Each structure stands twice: as C-alpha cells, then as structure tokens.
Amino acid sequence: FHYHRPAGDYADWNLWVWPEGGEGRAVSFDGIDAFGPRATVRFDGEPRRVGFLVRRGEWQEKDGDADRFVTVGETGEGGEASVWLRQGDAAVYGSADEVEYV
C-alpha cells in the first residue's frame, strides 16, 4: 500500500485491512518513498480479495467512507497486489503512474 496526501500531513494515519469475509486489523505504514508512506501487508492463507480503509488514529477520521477492495493478483504478481491511494480519491490505482494528481 502506498498513500499520498498533498499537504504531507501523515501523522497518525494508518490502514485497517481484512481478507474478504475475515477479521480486520490495524496496520501502520512502515516506510516512506517519494510518493508518501507505504505499508506491506501479509495475510495467512491466500485471500482472493482484501478490504481496506485509510484512517487516522483509532477511527478519529477516515479518508473516504466506503470500504474499498483490491483483488489479489489483479494488480500484482501471483499472490500480491500493488495499491496506490491518494487522499480524497476513491480510486484504487495499481501503480504510481496511474495516479491522477490534481
């Protein structure tokens, strides 16, 4: 997962992720690159679809109201997916080149 906020205000933002039909959990961003913070998420087994939300803290705020999903293997290789997100944009991008900057 890669996340971009134009103002660069990333303090306390994290992910809530779950395998479709499974339990959710918090995941912290564990690195940063030119796009913004990034996180690698691993699941036991091989879920076909993964749900996620971007949130601040323990639900103080969400970036978007709707649950979003990515199909594993659709935007990556095998059991992987590459997810690129932009603040306020409901789209799920498969690469940084696809992200539309406004």
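All figures in this text were calculated on a predicted structure; none of them were measured in a lab.

Peer 1: Sorry if this is basic, but what is going on with the pairing of strand β3 (residues 25-28) here?
Peer 2: Walk down a regular strand and you will see the side chains alternate between the two sheet faces. Bridge count for strand β2 (residues 13-19) against β3 is four bridges, and the pairing is antiparallel. Counterpart to N14 in the pairing with β3 is S28. Between the antiparallel neighbours β2 and β3 lie five residues, among them G21 with a positive phi of about 85°.

Peer 1: Where do I start with the nonpolar core in this structure?
Peer 2: Across soluble globular proteins, you tend to see nonpolar side chains buried next to one another. Counting 18 residues, the largest nonpolar core has F1, Y3, L15, V17, V41, F52 and L85 as its most contacted members. Within the residue set of this core, elements represented by two or more residues are β2 and β6 (49-56). Not counting residues within four places of it along the chain, the set of residues in contact with F52 comprises F1, W16, V17, W18, D67, R68, F69, V70, V83, L85 and V92.

Peer 1: Looking at this structure, how should I read the side chain of H2?
Peer 2: If you trace the backbone, H2 turns up in strand β1 (residues 2-4). Reaching out from H2, the side chain makes a polar contact with the side chain of D33 at a distance of 3.3 Å. Look past the residues within four positions of H2 in its chain and what remains in contact with it is D33, F35, P37, R38, V83, W84 and L85.

Parameters and conventions
Sequence order as written defines residue numbering, which begins from 1 separately in each chain. Under the rules for a predicted model, residues below a pLDDT of 70 receive no local features and side-chain atom pairs below 80 are neither given nor counted, while totals for whole chains, interfaces and linings still include all residues. As a rule here, side-chain values cover all heavy atoms of the structure and leave hydrogens and water aside. At least two bridges found by DSSP between two strands is the condition for calling them paired. Helix and strand assignments come from DSSP, with helices taken as H or I runs of at least 4 residues and strands as E runs of at least 2, each series counted from the N terminus. Here the nonpolar core consists of buried residues drawn from Ala, Val, Leu, Ile, Met, Phe, Trp, Tyr and Cys, with membership extended through side-chain atoms lying within 4.5 Å. Partly exposed residues are those whose accessible area sits between 20% and 50% of the maximum for their type, while under 20% is buried and over 50% is exposed, using a 1.4 Å probe and protein chains only. Two residues qualify as a contact provided that any one of their heavy atoms is within 4.5 Å of a heavy atom in the partner residue. As used in this structure description, the phrase polar contact means that two N or O atoms lie within 3.5 Å; if the pair is within protein, one of them must be able to donate a hydrogen and the other to accept it, and residues adjacent in sequence are counted only when both atoms belong to side chains.

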